[in-house]
Amino acid sequence: MKISIKDITSLPDQSKKFTGAVDICDFSYLGSDFSINHIEPFDVVLSMIGSGKLHITFDTKCSILGQCDRCLGDVTFEVPVSADETVEVSEGQVVTDDDIGPYSFVDGEEIDIDELILNEILVNFPAKILCQDDCKGICPVCGKNRNIEPCGCDDTVLDPRMAQFLDVFNSFKEVK
């Protein structure tokens, strides 16, 4: 969804409300693919502060489908998305802030709400995605999902730095 700011920039100290709509279906983040299942309805409010600043606000939640980081099973999780951005406007266009750089959600006289939502999703993205808090993950030996069935494999992983000590201890074992 793109919103033209041309109409609102001519109205100092005025606000305009738009019904939010999103065209994003899926995205990639840190090498994984995610799908957006649902975005709660929301309103985008554009407000002129004086004649030089445009304030953009909205608040919603996104339901996202991804994979559990431990067992790779599908998991749906929610990410809160809220924007509270203020940009400088001159002659009906957004002025680039030299300290921040160009705004990724601005295209000339238009605000790209999809890009702004995607930015907010990535900022609020969970560090670890788990299907359940006590997810057992995948067995490193046989590859079975340990949440579904236990496999009984010996998955003891020794620290490679300690392997030399194990060799020394094994060489001094008594033979009976």
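Since this is a predicted model, take the numbers as computed values, not measurements.

Describing helix 2 (residues 113-123)
Now for step 1: If you check which residues of helix 2 are buried, you get Ile113, Asp114, Leu116, Ile117, Leu118, Glu120 and Ile121.
Now for step 2: Of the residues flanking the start of helix 2, the one acting as N-cap is aspartate 112, its side-chain oxygen 3.2 Å from the backbone nitrogen of aspartate 114.

Considering the packing of aromatic side chains
Now for step 1: Here the structure, examined in full by the defined rule, presents seven aromatic pairs.
Now for step 2: Aromatic pair tyrosine 29 and phenylalanine 125: ring centres 4.9 Å apart, planes at 65°, arrangement edge-to-face. Here phenylalanine 125 lies in the loop between helix 2 and helix 3 (163-171) and tyrosine 29 lies in strand 3 (residues 26-29), a separation of 96 residues in the sequence.
Now for step 3: A ring pair is formed by phenylalanine 34 and phenylalanine 77, whose centres lie 6.4 Å apart and whose planes are at 90°; its orientation type is edge-to-face. One end of the pair, phenylalanine 34, is in strand 4 (residues 32-39); the other, phenylalanine 77, is in strand 7 (residues 74-90), and 43 residues separate them in sequence. Phenylalanine 77 shares its class with phenylalanine 34; the two are buried.
Now for step 4: Clustering of aromatic rings is evident, with ring pairs tying together Phe27, Tyr29, Phe34, Phe77 and Phe125.

Topic: a nonpolar patch on the surface
Now for step 1: On the surface, a cluster of nonpolar side chains totalling about 360 Å² of accessible area is made up of Met162, Phe165 and Phe169.
Now for step 2: Within the secondary structure, phenylalanine 165 is located in helix 3.
Now for step 3: Classification of phenylalanine 165 as partly exposed rests on a relative accessible area of 49%.

Looking at the sheet that holds strand 9 (residues 106-107)
Now for step 1: Pairing is antiparallel across the open sheet formed by three strands, whose spatial order is 1-10-9. One side of each edge strand has no neighbouring strand; the edge strands of this open sheet are strand 1 (2-4) and strand 9.
Now for step 2: Sheet analysis places strand 9 next to strand 10 (residues 110-112), joined by two bridges and oriented antiparallel. If you follow valine 106 over to strand 10, its bridge partner there is isoleucine 111.
Now for step 3: Strands in contact with helix 2 are strand 1 and strand 10; relative to strand 10, the strand with the most contacts, it is inclined by about 40°.

Notes on the environment of cysteine 68
Now for step 1: Within the secondary structure layout, cysteine 68 lies in the loop between strand 6 (53-67) and strand 7.
Now for step 2: Under the relative-accessibility criterion, cysteine 68 is labelled buried at 1%.
Now for step 3: When near neighbours in sequence (up to four residues on either side) are disregarded, cysteine 68 contacts Gly73, Val75, Ile129, Leu130, Cys131 and Cys135.

Focus on the pairing of strand 3
Now for step 1: Relative to strand 4, strand 3 is paired through four bridges, and the arrangement is antiparallel. Bridging from a neighbouring strand, tyrosine 29 pairs with serine 32 of strand 4.
Now for step 2: Two successive antiparallel strands, strand 3 and strand 4, enclose a turn made up of two residues, where leucine 30 displays a positive phi of approximately 50°.

Quick look at the nonpolar core
Now for step 1: Membership of the largest hydrophobic core comes to 36 residues, with the highest contact counts inside it found for Leu54, Ile64 and Ile121.
Now for step 2: Of all the secondary structure elements, the ones that give two or more residues to this core are strand 4, strand 5 (43-49), strand 6, strand 7 and helix 2.
Now for step 3: The leading source of residues in this core is strand 7, at seven residues.
Now for step 4: Excluding residues that lie within four positions of it along the chain, isoleucine 121 makes contacts with Phe27, Ile36, Cys62, Ile64, Val79 and Val81.

Some remarks on the pattern of salt bridges
Now for step 1: Applying the stated criterion across every chain yields a total of one salt bridge.
Now for step 2: Lysine 144 is the partner of glutamate 149 in a salt bridge, and the nearest nitrogen-oxygen pair spans 3.7 Å.
Now for step 3: Note on glutamate 149: relative accessible area 39%, which makes it partly exposed.
Now for step 4: A residue is classified by how much of its surface remains accessible, and lysine 144, at 37% relative accessible area, is partly exposed.

What counts and how
Here the residue numbering is sequential within each chain, running from 1 through the sequence in written order. With the structure being a predicted model, the display of local features is reserved for residues of pLDDT at least 70 and the display and counting of side-chain atom pairs for 80 or more, all residues being used for whole-chain, interface and lining totals. Neither water nor hydrogens contribute to the side-chain values; these are computed over all heavy atoms in the structure. When a residue's accessible area, from a 1.4 Å probe over protein chains only, is under 20% of the maximum for its type it is buried; when over 50% it is exposed; and in between it is partly exposed. By the criteria applied, helices consist of DSSP H or I runs no shorter than four residues and strands consist of E runs no shorter than two, each listed in order from the N terminus. Side-chain atoms alone can form a polar contact between residues adjacent in sequence; in general such a contact is a pair of N or O atoms within 3.5 Å, and within protein one must be able to donate a hydrogen while the other accepts it. Centres within 6.5 Å make a pair out of two Phe, Tyr or Trp rings, where for Trp the six-membered ring is used; the pair is then stacked when the planes are under 30 degrees apart, edge-to-face when over 60, and tilted otherwise. Residues enter patches when they are more than 30% accessible in relative terms and free of salt bridges; like-charged ones are connected within 9 Å and nonpolar ones (Val, Leu, Ile, Met, Phe, Trp, Tyr) within 5 Å. Reported accessibility uses the Shrake-Rupley method at a 1.4 Å probe radius. Residues are deemed covered only where the shown protein chains occlude them. By definition here, a salt bridge exists when the distance from a side-chain nitrogen of Lys or Arg to a carboxyl oxygen of Asp or Glu is within 4 Å. Being paired, for any two strands, means DSSP has found at least two bridges between them. When checking whether two residues touch, look at their non-hydrogen atoms; a contact exists if any pair is within 4.5 Å. In this analysis an axis means a line fitted to C-alpha atoms, helices contributing only their contacting stretch, and an angle means the value between N-to-C directions, from 0 to 180 degrees. Buried Ala, Val, Leu, Ile, Met, Phe, Trp, Tyr and Cys residues form a nonpolar core when they are joined through side-chain atoms within 4.5 Å.

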